[in-house]
Amino acid sequence: MSFANPKETWDARYRNADGYLFGSAPNAWLVESAGYLPAGSKVFCVADGEGRNSTYLAGLGHDVHAADISPVAIDKLVGLAAERGVRVQARVATIEEWDWPDASLDAVVAIFIQFAAPAARERLFTDIARSLRPGGTLIIEGYGIRQLRYKTGGPGKAENLYDQALLATSFEGWDVLAARDVDTDVSEGAGHHGRSHLVSAVLRKPA
Ligand SMILES: C[S@@+](CC[C@H](N)C(=O)[O-])C[C@H]1O[C@@H](n2cnc3c(N)ncnc32)[C@H](O)[C@@H]1O
């Protein structure tokens, strides 16, 4: 994966995909964790791609906002939302361009957003933390270090990967509502397919 021109790289990947690159079904960790979100939550889906996760949450009745660097992905997201008869407030924006609100979101969903290398990730995690209201929820999943061996998705760069210690340090003092570190078979379109090392958590910002 080339990170030199992320917009062009992701546009091409989404344009050339046979259907949805990561499938149209929501991410399994998100489905498992969605019960932590109070009804009618205001949720931001970071780098939501083709919308499998944001449209799922909108279908549950949440007030969902989403952004992604790729206009091709956002077009597909809008199409998926229309097909599912749900509303997602989506726009093309990088994580740096998105207008992070102050302490007002009920939840942030960060599923496979490991394009961010350590310095960018630190800023991103700070923005996520600031944007959540006290008691707000972060649902996060990414690849762990053994993914470098599996090569079934992800950035292929050790420094971009997660472990639970990184999440604990980045969100120090937050309640861990759920966490797992597993090697499991993933089937999320052609983009994420096969044995994978997943690091996942549901974290609650102190009230
Ligand atoms: C592995 S995909 C995951 C997409 C989605 N979260 C999902 O689980 O289906 C990573 C996404 O990050 C987006 N992306 C890459 N760099 C970005 C940036 N700087 N700001 C916002 N989105 C970015 C890509 O376009 C892509 O949709």
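All of the points below concern the structure found in this document. This structure is a prediction, so every number in the text was calculated from the model and none was measured. (Residues numbered from 1 in each chain as written. Predicted model: local features only at pLDDT ≥ 70, side-chain atom pairs only at ≥ 80, totals over all residues.)

### A look at the overall build of the protein
Stage number 1. Per the secondary structure count, the protein includes 7 helices and 7 strands.
Stage number 2. Along its sequence from the N terminus, the protein presents helices and strands in the succession α-α-β-α-β-α-β-β-α-β-α-α-β-β.
Stage number 3. Radius of gyration (C-alpha) of the protein: 16 Å, near the 17 Å computed for a compact globule of 207 residues.
Stage number 4. Over its C-alpha atoms, taken along the principal directions, the protein stretches across nearly 45 × 40 × 30 Å.
Stage number 5. Counting over 207 residues, the protein shows a buried share of 44%.
Stage number 6. The contacts of the protein with a sequence gap of at least 6 include a subset with a gap of at least 24, amounting to 71%. (Helix = DSSP H or I, 4+ residues; strand = E, 2+ residues; numbered from the N terminus. Rg over C-alpha atoms; globule rule 2.2 N^0.38 Å. Buried ≥ 20, exposed ≤ 12 C-beta atoms within 10 Å, placed from the backbone. Contact = placed C-beta atoms within 7 Å.)

### Description of the environment of Ala129
Stage number 1. Positionally, Ala129 belongs in helix H5 (residues 118–131).
Stage number 2. With 58 residues separating them along the chain, Ala129 and Pro71 place their C-alpha atoms 26 Å apart.
Stage number 3. Residues within four places of Ala129 in sequence aside, it is in contact with Phe171 and Lys205.

### Description of the packing of helix H3 (residues 52–59) against helix H4 (residues 71–84)
Stage number 1. In the contact formed by H3 and H4, the axes pass within 9 Å of each other and the chain directions differ by 30°. By the angle class used here, H3 and H4 are roughly parallel. When the axes of H3 and H4 are compared, the crossing they make is right-handed. Across the interface between the two elements, Ser54, Thr55, Ala58 and Gly59 from H3 touch Leu77, Leu80, Ala81 and Arg84 from H4. (Axes fitted to C-alpha atoms, helices over the stretch in contact; angles between N-to-C directions. Parallel < 35°, antiparallel > 145°, perpendicular 65-115°, else oblique. Left-handed = near helix turned anticlockwise from the far one by under 90°.)

### What about unusual backbone geometry?
Stage number 1. One non-glycine residue, Ala47, lies in positive phi territory at about 45°.
Stage number 2. Within the secondary structure, Ala47 is located in the loop between strand E1 (42–45) and H3.
Stage number 3. For Phe112, which is not glycine, the phi torsion reads 55° and is therefore positive.

### Considering the site of the ligand
Stage number 1. Surveying the vicinity of the ligand reveals 19 residues, the closest of which are Trp10, Ala47, Gly49, Ile69 and Thr94.
Stage number 2. Of all the secondary-structure elements, those providing two or more residues to the shell around the ligand are helix H1 (6–16) and H3.
Stage number 3. Residues of the shell around the ligand, tallied by class, amount to 11 nonpolar, 5 polar and 3 charged. (Near = placed C-beta within 6 Å. Nonpolar A, V, L, I, M, F, W, Y, C, P; charged D, E, K, R; others polar.)

### So, the packing of H1 against H4
Stage number 1. It is the contact of H1 with H4, at a shortest axis distance of 7 Å, that shows an interaxial angle of 40°. The orientation of H1 with respect to H4, classified from their angle, is oblique. Judged by residue contacts, Trp10, Asp11, Tyr14 and Arg15 of H1 engage Pro71, Val72, Ala73 and Lys76 from H4.
Stage number 2. For the contact of H1 with H4, the residue count by class is 5 nonpolar, no polar and 3 charged.

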